[in-house]
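Listed here are the chains, written in short residue letters.
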Amino acid sequence: MNPTEGTPLLRACGLKKSFGQLEALREGNLIVNRGEVVAIVGDNGAGKSTFISCIAGALRPDAGEVFLNGNPLELGSIHAAMRAGIATVYQDLAMAPELSVAENIFLSTELRRRGIAGRLGLVDQKAMRARAAALMDELGITTLADVSAVAGSLSGGQRQVVAVARAVSRAGQLIILDEPTAALGARQSQIVLDTIHTMRERGLGVVLISHDLPRVLEVADRIVVMRFGRVVAEVAPRGQTVRHIVSLMLGEESAAKESAAS
Amino acid sequence: MTVGQIQTSSTPEQGPPRPPSAPPRPGPREVLHRLRILQSTTSYVACAVVALTLIFAVLTSGNFLNTSNLQSIGRNSAGLMLLAVGLAFVLGAGHIDLSVGSTLVLSSVVSAKVIVAFAASAGAGWAIVIGAICGVLAGAAMGLLNGVLVTRLRINSFVVTLGTMGVGIGLAQVITNGSNVIGLPTVIQRGFGIANWFSIPRPLLLSLALCLVAAGVLTQTVFGRHALATGSSEAGARRAGVKVDHTTIGVFLLAGTMAGVAGFLDITRFGTTAISGHETTMLQALSAVIIGGTSLFGGRASVLGAMIATFISTVLLAGFVMIDVSSFYQRIAIGVVLIIAVWVDRLRQARAATT
């Protein structure tokens, strides 16, 4: 498919990030292959969101490197990560509540009018609305009737679905989802899970942070367990139980043994 | 959430799924609703302006409506409108610019000095053109300074512009040694400042044209959308890929440039500078932009509303002059209008939160 067939899609090694005295991320290592769903699990404060923020460029790590298709990624730059094809759904969704759904989906990737008007920075609202609506249809999102509604008027679940849709429309290589189903009902959760499957089939890498362990076991190809800012275990979901993963998250069993088992 | 919860909550749903046939907010109606709110803010303001005008017309037995008075109100509004529209961008982006009034004064002084300096050698016409450009550039420079300080030093825009407000007026006084610039060619007034075009003051026409362009920039361009996104949620906009710092510098640059144009208009009107005549100008502009439907909290801005709301204070002040109210009361009125404007904005905010 491409010359980098042998190298993993994403390789993050030795990422560290401290906030003052707090060492939020002590040792972030991660490999994601094309068409693979990797779940990151861990208790609150384990450093999951810090870890993915460093990969997505929202935070500049104090140390470490990230490679995409073997090429080093400029760290601490959201734009570099976006250009490289990394799209992220943040826990707080990164939306502008006063703007419409369509405007949020195309925020910073606005469709411009043709010709000189576009060069002058004029946006094509109509095209953005049409494309946003088409995106919703494509993902099977039916609970959102109007892409002109302002994001602030939506329910938490609807906003979350919009954030996922935005990331899907932007992801060229890797999609990172931080708690994408936290505010969702069963139907909407299923839409997100279906979307994850679709992304995997398209050959994208998927990084999923979730507290919903039964779903993680269902959807992930590999589960990375974090504790106190470190990746402490990596397990295959097959044959795993929720109870076992929780014990890894809490460090109740020897992490080394579990790593060996995987 | 604790780990215990993780084990037990296999489906973290927060209520039954909504049937697709009955979405919570019907689309077209929602849009209509929003349009109506927007329209109503602007039209309420327009009604208020008309009502004020009529009240003063009655109090002055019609004198208020004579052409020269209305033209004078238009001239007073021309510069103020530019400041208010510049502020609409700044407030929309979640910041504030307290320095626009002193930027106006600085620009007028720069402009006037340049015109006087070139009038003999280059002729009045060219001197005025060069002076206008220099005045606008001075305003742009002040705006750029604000934007850079806010984004690079990460200082709150209230504090930054409170500082540059002093810097601007101080520079104006340093340049002129405190006395107004005199000796401007009279053609600057006759040919533009006090001239009309079909009875409409020429400075007002220039302002209207610039403000309408600004309205297009706010609603139709990438820059305008990014400005509002930044004001709506700076962190969100940043992570969605918006170049928040560029956008922030842009809105301050725009406000400064508008103030620069207003500074030039000021000298075309009076034929001299008015260094100490603009102490309340910023407050007037700020009230206008908030009354006009721009949120003090960012994310929402209306250029058209700001333009119309400009007339509230200019009509009020012209009326006070005509019915012989002391200028001390005029200041009180401007202060009261500002407070009412912010209160109305709070009510709007509260209503938005409940719907």
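As the structure is a prediction and not an experimental result, all values here were calculated from the model.

Rules used throughout
- Residues numbered from 1 in each chain as written.
- Chains lettered and ligands numbered in written order.
- Predicted model: local features only at pLDDT ≥ 70, side-chain atom pairs only at ≥ 80, totals over all residues.
- Helix = DSSP H or I, 4+ residues; strand = E, 2+ residues; numbered from the N terminus.
- Buried ≥ 20, exposed ≤ 12 C-beta atoms within 10 Å, placed from the backbone.
- Contact = placed C-beta atoms within 7 Å.
- Rg over C-alpha atoms; globule rule 2.2 N^0.38 Å.
- Core = buried A, V, L, I, M, F, W, Y, C linked by C-beta atoms within 7 Å.
- Pairing = 2+ DSSP bridges.
- Expected span 1.5 Å × (residues − 1).
- Axes fitted to C-alpha atoms, helices over the stretch in contact; angles between N-to-C directions.
- Parallel < 35°, antiparallel > 145°, perpendicular 65-115°, else oblique.
- Nonpolar A, V, L, I, M, F, W, Y, C, P; charged D, E, K, R; others polar.
- pLDDT = per-residue confidence, 0-100.

Peer 1: Break down the overall build of chain B for me, citing the residues and quoting the values.
Peer 2: Secondary structure summary: chain B contains 14 helices and 2 strands in total. Burial statistics for chain B: of 355 residues in total, 48% are counted as buried. Summarising the internal contacts of chain B: among those between residues at least 6 apart in sequence, 80% fall at separations of at least 24.

Peer 1: An account of the overall build of chain A is requested, with residue identities and associated values reported.
Peer 2: Looking only at helices and strands, chain A has 10 helices and 10 strands in total. What you see for chain A is a C-alpha radius of gyration of 19 Å, in line with the 18 Å of a compact globule of 262 residues. In terms of principal-axis extent, the alpha carbons of chain A reach across some 60 × 45 × 40 Å. Relative to its full complement of 262 residues, chain A shows a buried share of 50%. Summarising the internal contacts of chain A: among those between residues at least 6 apart in sequence, 66% fall at separations of at least 24.

Peer 1: Kindly report on the nonpolar core, identifying the contributing residues and their values.
Peer 2: Counting 187 residues, the largest nonpolar core has Ile-175 of chain A together with Leu-83, Ala-84, Val-85, Leu-87 and Val-303 of chain B as its most contacted members. A total of 14 residues in this core trace back to one element, the largest contributor, which is helix H11 (residues 244–270) of chain B.

Peer 1: Please give an account of the pairing of strand E4 (residues 63–68) of chain A that cites residues and values.
Peer 2: Residues and elements named next belong to chain A. Relative to E4, strand E1 (residues 10–19) runs antiparallel, the two being bridged by 5 bridges. Residue Leu-10 lies in a different strand from E4, and its bridge partner there is Leu-68. The sheet contact formed by E4 and strand E5 (residues 71–72) spans 2 bridges and is antiparallel. Its bridge partner lying in E5, Leu-68 is registered against Asn-71. The turn joining E4 and E5, which pair antiparallel and follow one another in sequence, is formed by 2 residues; a positive phi near 55° is taken by Asn-69.

Peer 1: So what's going on with helix H5 (residues 124–152) of chain B? Which residues, and what values?
Peer 2: Its 29 residues give H5 of chain B an end-to-end C-alpha distance of 41 Å, which sits within 8% of 42 Å, the value for a rise of 1.5 Å per residue. Phi turns positive one or two residues past the end of H5 of chain B, at Arg-154 of chain B, with a value near 55°.

Peer 1: Hey, could you go over the packing of helix H8 (residues 202–220) of chain B against helix H13 (residues 303–322) of chain B for me, with residue numbers and the actual values?
Peer 2: Residues and elements named next belong to chain B. Taken N-terminus to C-terminus, the directions of H8 and H13 make an angle of 150°; their axes are 9 Å apart at the nearest point. Our classification of the angle between H8 and H13 gives roughly antiparallel. Here Cys-211, Ala-214, Ala-215 and Leu-218 of H8 lie close against H13, whose contacting residues are Val-303, Leu-304 and Met-307. In terms of residue class, the contact of H8 with H13 is made up of 7 nonpolar, no polar and no charged.

Peer 1: Before we move on, can you summarise the confidence of the model for chain B with the specific residues and values?
Peer 2: For any part of a model where pLDDT is low, the fine detail of the predicted coordinates should not be relied upon. Looking at chain B as a whole, the pLDDT averages 86, with 88% of positions reaching at least 70. This complex was scored by the predictor with a pTM of 0.86 and an ipTM of 0.86.

Peer 1: Give me the environment of Val-90 of chain B: which residues, what numbers.
Peer 2: Residues and elements named next belong to chain B. Within the secondary structure, Val-90 is located in helix H3 (residues 67–92). What makes Val-90 buried here is the crowd of 31 C-beta atoms within 10 Å. Each C-alpha atom of the pair Val-90 and Ile-188 lies 31 Å from the other, and the pair is 98 residues apart in sequence. Setting aside residues no more than four positions away along its own chain, Val-90 makes contact with His-95, Ile-96, Asp-97, Val-251, Phe-252 and Ala-255.

Peer 1: Tell me what's going on with the pairing of strand E9 (residues 222–227) of chain A, and back it up with residues and numbers.
Peer 2: Residue and element names in this part refer to chain A. Counting buried residues in E9 gives 5 out of 6 residues, a clear majority hidden from the surface. Relative to E9, strand E3 (residues 37–42) runs parallel, the two being bridged by 5 bridges. In the sheet register, Val-38 faces E9, and the bridge partner there is Arg-222. In this structure, E9 lies alongside strand E10 (residues 230–235), joined through 5 bridges in antiparallel fashion. Residue pairing for E10: Val-224 is matched across the bridge by Glu-234. As consecutive antiparallel partners, E9 and E10 are separated by 2 residues, and within that stretch Phe-228 has a phi angle of approximately 50°, a positive value.

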